Amino acid sequence: MTAEAGPPATPVVPSTVAFRAILGKDLRAELRTLQSLPAMALFAVTTFVIFRFGLDRTSLSGDLAAGVLWATLLFAAILGINRLFVAEREEGGFDAIRLAPIDRTALFAAKAAALLAYLVVLELVVVPVFAIFFLDSAAALAPLALVLLLADLGLAATGTLISSMAVNSRARDLLAPLVLLPLAVPLSIAATGAIEPLLALGGPGYHRFGTWLAVLGLYDLVFLLVGYAVFDFLLED
Amino acid sequence: MYGKGLRPLSIATVAALVVSLSLVFFYAPLDADQGFIQKIFYLHVPLAITALIGFVIGGVFAILHLRSGDSRWDAYSYVSIHMSVIFGVAVLITGSIWAKASWGHWWVWDEPTLVSFLIVFLMYATYYPFRYAIEDRERQARYASVFAITTGAFVPLNFIAVRMAQSLVHPRVFATTNGGLPGSMMLTFLVSLLAMGLLWVTLVKFELTAKSASGQIKRLRRALDAPPSGSTPRVAPEVS
Amino acid sequence: MNAIELRGLRREYGERAALRDVGLRLEAGESLAVLGPNGAGKTTLLRVLATLLRPSGGEARVLGARLPDEAWKVRGRIGFLSHEPLLYRDLNGRENLRFHARLHGIERGAIEERISFLLAAVGMERRADDRVAELSAGMRQRLAICRCVLHEPELLLLDEPDSHLDAPGRELARELLGPGEGRTRVVVTHDPERFLPEADKVLRLAVDGSAELTEAALR
């Protein structure tokens, strides 16, 4: 058993076409069924309520705010990550894609892009709710969006990678959270590190903001590269 | 085939361990701050370094497995990670003992190396449930290799992030110990590191030999059409 | 040129040999019927030919390309009809076919026309805009047939193509999947009466993984 000798540098069907086709298919299916997004959003908002009572706080700032926001988003993301490859698994979609004359990393890119889209939409809904529930001012929302975008990119890369393996396993819904949470620790450290001063009581601060963004960027880069390099092997049989 | 060299290796390991322990107890000076308990540092840090290198080696074997498709690399990768996780338990236990003796708490969040190691350990501990959840033998090996590569990339990122998360109020504990280790301590440390490294290699080789032997027995049994010894699905990789 | 050449093909699942020492030579344009009891490895063979599974040993050449190393050369030239229709449940027939068309590099301008033609050919024009989840098994099979021939493949690999189809459906299938167009075909079937007359060669697989190839008795 040896690895395939490698497709030609330009596959019969260009990767951009394959990417757009798969991404379009996913977004269309999600828009039609709305099976992931509403659940993720509801989960997040309810979790905020649980935190309100669990911490016995009606307003949050600084480290508590960063922690509650990020932890909630992360757990909500896992709901979406679990669903990412379900259609491929159950409806023979993996076969369909593997039969096509495309570079299979287009599947990785398209799924990661779809997951990124879901996370961004989730945050567009949930972050304002968080601000209304717990924050005093909306001054920090713009830099917050930047931090979350970079963090989402890292989650998209690792989430897609782990999800594509978990979907083929026995303990499907259990495996992705199990493996993904420790993997997301550096991402979480950097994200909350950047967010904490942004949500400080006196107004947004930028203590080590650039450094944390750099760590996020590094994380994104590393795992996008790893995903790109290994994904082909995941689809072999 | 795997057993070749196991005996001289074991002897070398035992010798190194004996020398290292002698140095620790009879040669290395007593630490001014922490006293006798500081000597656990000679066990804790070499174990940690060895475990971490072991994880990286597991990742390298995983890359070789994916590129060649030879399942032997997968077995090496599995055993490397396996052994490093076991060493990892020892790291956390010795770290905890040291923390209790030095600061009175069984765990401290202030020591970034210890915290990073905890996270790495938790990460690799998921290797087993992950691996065993995949039924198809070949796919299991491939996915395990992807896991080992991903987590290999994760280790340095994790150390960077945790180190950065330390507030500047609590300086690294090891700075006081490491910064300017006197020669005698450094020698003891290096010998201990060598001993731990040898121990790791010996145990890995030992486990691979044991797996190979049991694999051969299974194959002989099958060839003789003997009734199967049990029908539980084998999950750990076989060594040919 | 031989469309398919197999020599000593082996495919193992762990300890079990699903295929063992399968030999076959099929020329371009010929039809092969694959027969055998359940569990004989017929589907496995088809999946190996489709490049979905890699051979464990032996030699395999499909459309001139060596498997598994050169598998990428033949993707897109094979039409595969399996037990699963390979359709996304939440999209409708047309959207599914469009997806497959784009993945196989059919030009944008030509896609709609081709899809409409095929949908009409299987009698699915009226239901083409219903979600696949709402369709019966027979209708899904008709869509699957469209998907299979959408990109005008040189080689058809058909796993029980008549399953779920009613009599008119089977007629339509025969037209679209039949030997008429000079295509090479491998048909796995439990219905020798129906498919043997079309076959040039017959491959019988046994449960132990072995295979026996014969020329068809009648043309």
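Source: prediction; values computed, not measured.

### Looking at the overall build of chain B
Line of reasoning, step 1. Helix and strand counts for chain B come out as 8 helices and 0 strands.
Line of reasoning, step 2. When the helices and strands of chain B are read in sequence order from the N terminus, they spell out α-α-α-α-α-α-α-α.
Line of reasoning, step 3. Counting only residues that meet the buried cut, chain B has 38% of its 240 residues in that class.
Line of reasoning, step 4. For chain B, contacts bridging at least 24 residues in sequence account for 82% of all contacts bridging at least 6.

### With respect to the overall build of chain C
Line of reasoning, step 1. Looking only at helices and strands, chain C has 7 helices and 10 strands in total.
Line of reasoning, step 2. What you see for chain C is a C-alpha radius of gyration of 17 Å, in line with the 17 Å of a compact globule of 219 residues.
Line of reasoning, step 3. On the principal axes, the C-alpha backbone points of chain C span a range of 45 × 35 × 35 Å.
Line of reasoning, step 4. Sorting the 219 residues of chain C into buried and exposed places 50% on the buried side.
Line of reasoning, step 5. For chain C, the share of sequence-separated contacts (at least 6 apart) that also reach a separation of at least 24 residues comes to 69%.

### Section: the pairing of strand 2 (residues 16-27) of chain C
All names here are of chain C.
Line of reasoning, step 1. In terms of strand pairing, strand 1 (residues 2-13) meets strand 2 through 8 bridges, oriented antiparallel. Counted as the bridge partner of I4 is L26 from strand 2.
Line of reasoning, step 2. Between strand 1 and strand 2, which pair antiparallel in sequence order, lie 2 residues; one of them, G14, sits at a positive phi of approximately 60°.

### Quick word on the sheet that holds strand 6 (residues 78-81) of chain C
Residue and element names in this part refer to chain C.
Line of reasoning, step 1. Ordered in space as 6-7-8-3-9-10, the 6 strands form an open sheet in which the pairing is mixed. Both edges of this open sheet fall to strand 6 and strand 10 (211-215), since each of them pairs with a single strand only. When the angles between neighbouring strand axes are averaged without regard to direction, this sheet yields 15°.
Line of reasoning, step 2. Across 4 bridges, strand 3 (residues 31-35) lies against strand 8 (residues 184-188) in parallel orientation. Residue pairing for strand 8: V34 is matched across the bridge by V188.
Line of reasoning, step 3. Helix-sheet contacts for helix 5 (residues 137-149) involve strand 6 and strand 7 (155-159), and the interaxial angle to strand 6 is about 165°.

### A closer look at the interface of chain A and chain C
Line of reasoning, step 1. Listed per partner, the contact involves 27 residues of chain A and 28 residues of chain C.
Line of reasoning, step 2. Only helix 1 (15-33) and helix 5 (93-99) of chain A provide two or more residues apiece to the side of chain A that touches chain C.
Line of reasoning, step 3. Here the element with the most residues in the side of chain A that touches chain C is helix 1 of chain A; it accounts for 8 residues.
Line of reasoning, step 4. Here the side of chain A that touches chain C is built from residues that sort into 16 nonpolar, 3 polar and 8 charged.

### Notes on the nonpolar core
Line of reasoning, step 1. Core analysis: the biggest nonpolar cluster contains 212 residues, and A190, A191, I195 and L216 of chain A together with V34, L49 and L157 of chain C have the highest contact counts within it.
Line of reasoning, step 2. The element that contributes the greatest number of residues to this core is helix 6 (residues 105-134) of chain A, accounting for 14 residues.
Line of reasoning, step 3. Setting aside anything within four residues of it in sequence, one finds A191 of chain A in contact with W70, V147, A151 and L216 of chain A.

### What to know about the environment of S188 of chain A
All names here are of chain A.
Line of reasoning, step 1. With respect to the secondary-structure elements, S188 resides in helix 9 (residues 185-198).
Line of reasoning, step 2. Sequence separation between S188 and F134 is 54 residues; the distance between their C-alpha atoms is 20 Å.
Line of reasoning, step 3. Excluding its chain neighbours within four sequence positions, the residues that come into contact with S188 are W70 and L74.

### So, the pairing of strand 3 of chain C
Residues and elements named next belong to chain C.
Line of reasoning, step 1. Judged by how many residues are buried, strand 3 sits mostly within the fold: 5 of 5 residues are covered.
Line of reasoning, step 2. Direction of pairing for strand 3 relative to strand 9 (residues 201-205): parallel, over a ladder of 4 bridges. Looking at strand 9, one finds that A33 is bridged to V202.

### Here's the deal with unusual backbone geometry
Residue and element names in this part refer to chain C.
Line of reasoning, step 1. In this structure, the amide linkage connecting L67 to the following residue, P68, adopts the cis form with an omega of 0°.
Line of reasoning, step 2. Positive phi, close to 55°, is recorded for D21, a residue that is not glycine.
Line of reasoning, step 3. The residue D21 is located in strand 2 in this model.
Line of reasoning, step 4. Taking the number of C-beta atoms within 10 Å as the measure of exposure, D21 has 15 and is therefore partly exposed.
Line of reasoning, step 5. Positive phi, close to 70°, is recorded for T51, a residue that is not glycine.

### Considerations on the confidence of the model for chain C
Line of reasoning, step 1. Confidence along chain C averages 89 in pLDDT terms, with 98% of residues attaining 70 or more.
Line of reasoning, step 2. Across the interface, the model reports ipTM at 0.89; the global pTM reads 0.89.

### What to know about the confidence of the model for chain B
For any part of a model where pLDDT is low, the fine detail of the predicted coordinates should not be relied upon.
Line of reasoning, step 1. On average, residues of chain B score 84 in pLDDT, and 85% of them are at 70 or above.
Line of reasoning, step 2. With pLDDT under 50 throughout, residues 169-173 of chain B is counted as low confidence; its partners more than four residues away or in other chains account for 4 contacts.

### Section: the sheet that holds strand 5 (residues 65-66) of chain C
Line of reasoning, step 1. Ordered in space as 2-1-4-5 (chain C), the 4 strands form an open sheet in which the pairing is antiparallel. Single-partner strands in this sheet number two, and they are strand 2 and strand 5 of chain C.

### With respect to the packing of helix 2 (residues 41-68) of chain B against helix 8 (residues 183-223) of chain B
Residues and elements named next belong to chain B.
Line of reasoning, step 1. Taken N-terminus to C-terminus, the directions of helix 2 and helix 8 make an angle of 45°; their axes are 9 Å apart at the nearest point. One finds that helix 2 runs oblique with respect to helix 8. Our pair here, helix 2 against helix 8, has a crossing hand that is right-handed. Contacts from Y42, L43, P46, L47, I49, T50 and G54 of helix 2 reach helix 8 at T188, F189, S192, L193, M196, G197 and W200.
Line of reasoning, step 2. A breakdown of the residues in the contact of helix 2 with helix 8 according to their chemical character gives 9 nonpolar, 5 polar and no charged.

### Focus: the packing of helix 6 of chain A against helix 7 (residues 141-166) of chain A
All names here are of chain A.
Line of reasoning, step 1. The contact between helix 6 and helix 7 brings their axes to 9 Å, and the two run at 145°. In this structure, helix 6 meets helix 7 at a crossing whose hand is right-handed. Of the residues in helix 7, those in contact with F108, K111, A112, L115, L116, L119, V120, E123, V127 and A131 of helix 6 are L141, L144, L148, D152, L153, L155, A156, A157, G159 and T160.
Line of reasoning, step 2. Grouping the amino acids of the contact of helix 6 with helix 7 by side-chain chemistry returns 15 nonpolar, 2 polar and 3 charged.

### What about the environment of D103 of chain A?
Residues and elements named next belong to chain A.
Line of reasoning, step 1. Looking at the element boundaries, D103 is found in the loop between helix 5 and helix 6.
Line of reasoning, step 2. Judged by the 23 C-beta atoms lying within 10 Å of it, D103 is buried.
Line of reasoning, step 3. When the C-alpha positions of D103 and R57 are compared, they lie 51 Å apart, and in sequence the two are 46 residues distant.

### Notes on the environment of I115 of chain C
All names here are of chain C.
Line of reasoning, step 1. Relative to the elements of secondary structure, I115 occurs in helix 4 (residues 108-121).
Line of reasoning, step 2. I115 sits in the buried class, given 22 other C-beta atoms within 10 Å.
Line of reasoning, step 3. The contact partners of I115, leaving out residues within four places of it in the chain, are R94, L97, R98 and A101.

Reading the values: rules and limits
- Residues numbered from 1 in each chain as written.
- Chains lettered and ligands numbered in written order.
- Predicted model: local features only at pLDDT ≥ 70, side-chain atom pairs only at ≥ 80, totals over all residues.
- Helix = DSSP H or I, 4+ residues; strand = E, 2+ residues; numbered from the N terminus.
- Buried ≥ 20, exposed ≤ 12 C-beta atoms within 10 Å, placed from the backbone.
- Contact = placed C-beta atoms within 7 Å.
- Rg over C-alpha atoms; globule rule 2.2 N^0.38 Å.
- Pairing = 2+ DSSP bridges.
- Axes fitted to C-alpha atoms, helices over the stretch in contact; angles between N-to-C directions.
- Nonpolar A, V, L, I, M, F, W, Y, C, P; charged D, E, K, R; others polar.
- Core = buried A, V, L, I, M, F, W, Y, C linked by C-beta atoms within 7 Å.
- pLDDT = per-residue confidence, 0-100.
- Parallel < 35°, antiparallel > 145°, perpendicular 65-115°, else oblique.
- Left-handed = near helix turned anticlockwise from the far one by under 90°.

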